[in-house]
Amino acid sequence: MTPSGKLILDFGQNLVGYVRLSNINGPVGHKITLSHAEVLEHDELCTRPLRICKATDEYILKGEGIESYNPRFTFHGFRYAQIDGWTGGDLRECAEAIVCHTDITPIGGFSSSHALLNKLYQNICWGMRGNFLSVPTDCPQRDERLGWSGDLALFAPTAVLIYDCFTFLKNWLIDVEYDQMVLGGVPAMVTPNNTIPDPVWCRRVPCAIWHDVTVLAPWALYEETADTSILAQQYNSMVTWMRMVPLQTSGATHLWDPAIFNLGDWLDPAAPPNAPWKGATDAKMVANAFLIHSLDLMSEISRILNQQGDHAHFTAWSKAARQEFQDEYITKTGRLVSDSQTAYALAICFDLLTNSQREHAGSRLVYLVRKNEFKIGTGFAGTPFICEALAKAGHIQVAYAMLLEESCPSWLYPVTMGATTVWERWDSMLPDGSVNPGEMTSFNHYAFGAIAKFMYERVAGLQRVEAGWRKFRVAPSIGAEFSHAAAEHETAFGRTSARWETTRQNGDLEKMVVWVSVPYSTTCEVVIPTTSGERREVVGCGEWTFESEFRRDYEWPVKALPPKS
């Protein structure tokens, strides 16, 4: 019961579905109303984030004895349901939340010695499952529920590790191409495209990242399965999109036309609540980084499909664009024009730096992260890459400090606030329990959950080496205070898994045991730490156990930099 006297049901989990009512008993014409929301504010149902969406079900009683209500042709995103006019039995027995999602099979799992990180992974799974309902929606609750392309473009490499979504996304990509051709070759921002009457979101103007989904999503599906049919199916869509990218007419003629508005690092925490495109990183730079990334993929995709002319074209374009990116955005020593977490993360992960620049760029990224007290400084564009960039640069402990940070903004902050799904904003709920004042505030948005890929590959150490998992690697990155972690993944060849744990021996010496499952027709490279470095071994099908001794020769916790540094 709320302070205002309203009766609210708490199902304990932010979910996608509906409420089923049973044992209803009342007079004919009596109305029962269910109002749905994701959160409470001031102990009352908070419907402001729904905008104009009512999220309300009404049932008019027939008055003929015991009745039940099971809504059809609708779903809601909610944890809480306010019920008005109830005339039945005990609601603890008469109300049931029915979870809805497309029938996609779980194929991945992750666990570790860190309880909050395990909860984060569960939240990521819940968020993906709920939003993969017929189409990959951005959110399931407000007046939107659309198949936003940018969210999927960035989350797809993580999605394929968690659920078997190949056929689901393969079908959606057919619709992406259809909408693209309706708009003359420019992909829609959402598919199915119900924004055609909207002059803002159906501008028919190219948009980096969101429209790069035509390349990024098929590539993620190919990497997971090695099925070239998805590349062949979407090849025309990919090539058409690359032809539509507006380039500069003079100067850096292989990069984006700077006159085009791009959304950049959407929802960077530094952006104002009602201007999520105004992040700390130059949106033009972000667009060009993703352009080069897409060009690199197009060069490889055209090679795989034996499109020799296209392969030469995209390879040459990528090389020229990379040099122009260097000239425009990177100093000789490796500083970037946008001195931000996202800028360095993209430059490192997309291989935009020369050998002589990488070390300095990595060190600068470490400085920015420590200066920011390990809090997140990335939006949609940078978040999937920030921890991996730190790892690639040789700073895995800094990456772990960022991953395990609990203050806002961070991955674990929502968990400490009771979140059961991933939020749209890092601070969808503020530390005082009030809801973010921005009009765009969802509590079930999977995009920032892309960090799960890093958790699989670095914390547990399970890494795909070759498309389709014919070759994979188990190489846990020992760090923080992790004492055990595990990941498993169902491939076309069978189940792969990696599990490790450490126990303290004499002094600072620790023993590590690693268990690895290798399915038929695959090989696995196992890399484990030792007192003198690391040990590598390649094994074939079977159940394997490896032991070693090592020392944690790193400082933990990593210290933040003082304010005046």
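- As annotated in an unreviewed UniProt entry, the protein chain carries the name alpha-L-rhamnosidase and comes from Aspergillus calidoustus.
- The record held by UniProt for the protein chain lists under Catalytic activity (unreviewed entry) the comment "Hydrolysis of terminal non-reducing alpha-L-rhamnose residues in alpha-L-rhamnosides."

### Considering the overall build of the protein chain
Phase 1: Within the protein chain, the secondary structure is distributed over 14 helices and 21 strands.
Phase 2: The C-alpha radius of gyration of the protein chain comes to 25 Å, within 12% of the 24 Å expected for a compact globule of 565 residues.
Phase 3: Judged by the C-alpha coordinates and their principal axes, the protein chain covers about 80 × 65 × 55 Å.
Phase 4: Considering only contacts in the protein chain between residues 6 or more positions apart, those separated by 24 or more positions represent 70%.
Phase 5: On the protein chain, roughly 22,900 Å² of surface is accessible, and the fraction owed to carbon and sulfur atoms is 50%.

### Some thoughts on helix 14 (residues 452–460)
Phase 1: In terms of burial, helix 14 is a largely internal element, eight of the nine residues being buried.
Phase 2: Turning to helix 14, its buried residues number three or more, namely Ala452, Phe454, Met455, Tyr456, Glu457, Arg458, Val459 and Ala460.
Phase 3: Just beyond helix 14, the residue with positive phi is Gly461, at close to 95 degrees.

### Re a nonpolar patch on the surface
Phase 1: Judged by side-chain polarity, Tyr178, Val182 and Ile196 come together as a nonpolar surface patch covering roughly 310 Å² of accessible area.
Phase 2: Among the structural elements, Ile196 can be located in the loop between helix 4 (166–182) and helix 5 (213–225).
Phase 3: For Ile196, a relative accessible area of 41% corresponds to the partly exposed category.

### A word on the nonpolar core
Burial of nonpolar side chains together is a common tendency in soluble globular proteins.
Phase 1: Membership of the largest hydrophobic core comes to 147 residues, with the highest contact counts inside it found for Phe132, Phe290, Leu403 and Trp411.
Phase 2: Here this core gets 11 residues from one element, more than from any other, and that element is helix 7 (residues 283–304).
Phase 3: In this structure Phe290 touches Leu154, Ile209, Asp212, Leu216, Leu346, Phe350, Ala381 and Phe385, once residues within four positions along its chain are discounted.

### Considerations on the pairing of strand 16 (residues 484–491)
On a regular strand, each side chain points to the face opposite its neighbour's, so the side chains alternate between the two faces of the sheet.
Phase 1: Where strand 10 (residues 108–112) lies against strand 16, five bridges are found, and the strand directions are antiparallel. Paired with Ser112 across the bridge in strand 16 is Ala485.
Phase 2: With eight bridges joining them, strand 16 and strand 17 (residues 494–504) adopt antiparallel strand pairing. Across the sheet, the residue bridging to Glu490 is Arg495, located in strand 17.
Phase 3: Linking two consecutive strands that pair antiparallel, namely strand 16 and strand 17, is a turn of two residues.

### What to know about helix 9 (residues 341–349)
Phase 1: Taken across its nine residues, helix 9 has eight buried, putting it largely inside the fold.
Phase 2: Within helix 9, burial applies to Gln341, Thr342, Ala343, Tyr344, Ala345, Leu346, Ala347 and Ile348.
Phase 3: Turning to helix 9, the residues buried within the fold contact helix 7, helix 10 (355–371), helix 11 (386–392) and helix 12 (396–403).

### Let's talk about the packing of aromatic side chains
Phase 1: Taken as a whole, this structure holds 26 aromatic pairs when the rule is applied.
Phase 2: When the centroid spacing of 6.4 Å and the interplanar angle of 20 degrees are considered together, the rings of Phe314 and Trp317 count as stacked. With Phe314 and Trp317 both in helix 8 (residues 308–329), this residue pair falls three residues apart, about one helical turn. Trp317 carries the same exposure label as Phe314, and that label is buried.
Phase 3: An aromatic cluster of three or more residues is present, and its members are Trp210, Trp266, Phe380, Trp411, Trp426 and Phe448.
Phase 4: Here the guanidinium or amino end of Arg129 rests over the ring plane of Trp126, the centre of that ring lying 4.2 Å away.

### So, the UniProt feature "domain: Alpha-L-rhamnosidase C-terminal" (unreviewed entry) in the protein chain
Phase 1: In the numbering used here, UniProt assigns the "domain: Alpha-L-rhamnosidase C-terminal" (unreviewed entry) feature to residues 461–539.
Phase 2: End C-alpha atoms of residues 461–539 are separated by 16 Å, and the span's content is 0% helix alongside 65% strand.

### Some points on the sheet that holds strand 20 (residues 533–539)
Phase 1: As summarised here, the arrangement of the four strands in space is 14-15-19-20, forming an open sheet in which the pairing is mixed. In the strand order of this sheet, the two ends are held by strand 14 (462–464) and strand 20, each with one partner. Strand after strand, the sheet turns through a mean of 20 degrees between neighbouring axes, direction not considered.
Phase 2: In the sheet, strand 19 (residues 523–530) pairs with strand 20 via seven bridges, with the strands oriented antiparallel. Paired with Val526 across the two strands is Glu537, which belongs to strand 20.

### Some points on the domain arrangement of the protein chain
Phase 1: When cut into domains, the protein chain gives domain 1 (7–99), domain 2 (248–257 + 280–404) and domain 3 (471–551).
Phase 2: Each of domain 2 and domain 3 has a C-alpha centre, and the two are 30 Å apart.
Phase 3: Opposite the four residues of domain 2 that make contact, domain 3 presents five residues.
Phase 4: The interface formed by domain 2 and domain 3 includes zero salt bridges.
Phase 5: Here domain 2 and domain 3 share three residue pairs in polar contact (both at pLDDT 80 or more) between them.

### Things to note about the pairing of strand 2 (residues 31–37)
Phase 1: In terms of residue burial, strand 2 counts as a mostly covered element, since six of its seven residues are buried.
Phase 2: Taken together, the five bridges between strand 2 and strand 5 (residues 56–60) define a ladder with antiparallel strand orientation. In the strand pairing of strand 5, Lys31 is matched with Ile60.
Phase 3: Across five bridges, the pairing between strand 2 and strand 7 (residues 76–84) is antiparallel. Its bridge partner being in strand 7, His36 is matched across the sheet by Ala81.

### Some remarks on the packing of helix 2 (residues 115–131) against helix 3 (residues 149–162)
Phase 1: In contact at an axis separation of 11 Å, helix 2 and helix 3 are set at 100 degrees when each is read in the N-to-C sense. Viewed along their axes, helix 2 and helix 3 adopt a mutual orientation that is roughly perpendicular. From helix 2, Tyr121, Ile124, Cys125 and Met128 reach across to helix 3, where they touch Phe155, Ala159 and Ile162.
Phase 2: Considered class by class, the residues forming the contact of helix 2 with helix 3 number seven nonpolar, no polar and no charged.

### Thoughts on unusual backbone geometry
Phase 1: Omega for the peptide link from Thr191 to Pro192 comes to 0 degrees, which places this bond in the cis form.
Phase 2: Its place among the elements puts Pro192 in the loop between helix 4 and helix 5.
Phase 3: Here Trp556 and Pro557 are connected by a cis peptide whose omega angle stands at 5 degrees.
Phase 4: Unusually for a residue other than glycine, Arg145 sits at a positive phi of about 50 degrees.
Phase 5: Summarising the element assignment, Arg145 is placed in the loop between strand 12 (135–136) and helix 3.
Phase 6: With a phi angle near 65 degrees, Ala226 is a residue other than glycine that sits in the positive phi range.
Phase 7: Tracing the chain through its elements places Ala226 in the loop between helix 5 and helix 6 (228–244).

Rules of the game
Residues numbered from 1 in each chain as written. Predicted model: local features only at pLDDT ≥ 70, side-chain atom pairs only at ≥ 80, totals over all residues. Heavy atoms only, no water. UniProt positions renumbered as here; feature names shortened; annotations may be inferred. Helix = DSSP H or I, 4+ residues; strand = E, 2+ residues; numbered from the N terminus. Rg over C-alpha atoms; globule rule 2.2 N^0.38 Å. Contact = heavy atoms within 4.5 Å. Areas by Shrake-Rupley, 256 points an atom, 1.4 Å probe, with all protein chains shown as cover. Buried < 20%, exposed > 50% of the residue type's maximum accessible area, 1.4 Å probe, protein only. Patch = residues over 30% accessible without salt bridge, like charges linked within 9 Å, V, L, I, M, F, W, Y side chains within 5 Å. Salt bridge = Lys/Arg side-chain N within 4 Å of Asp/Glu carboxyl O. Core = buried A, V, L, I, M, F, W, Y, C linked by side-chain atoms within 4.5 Å. Pairing = 2+ DSSP bridges. Phe/Tyr/Trp six-rings, centres within 6.5 Å; stacked < 30°, edge-to-face > 60°. Lys NZ or Arg CZ within 6 Å of the ring centre and 35° of its normal. Axes fitted to C-alpha atoms, helices over the stretch in contact; angles between N-to-C directions. Domains from an automatic or database assignment. Polar contact = N/O pair within 3.5 Å; in protein donor to acceptor, adjacent residues only side chain to side chain. Parallel < 35°, antiparallel > 145°, perpendicular 65-115°, else oblique. Nonpolar A, V, L, I, M, F, W, Y, C, P; charged D, E, K, R; others polar.

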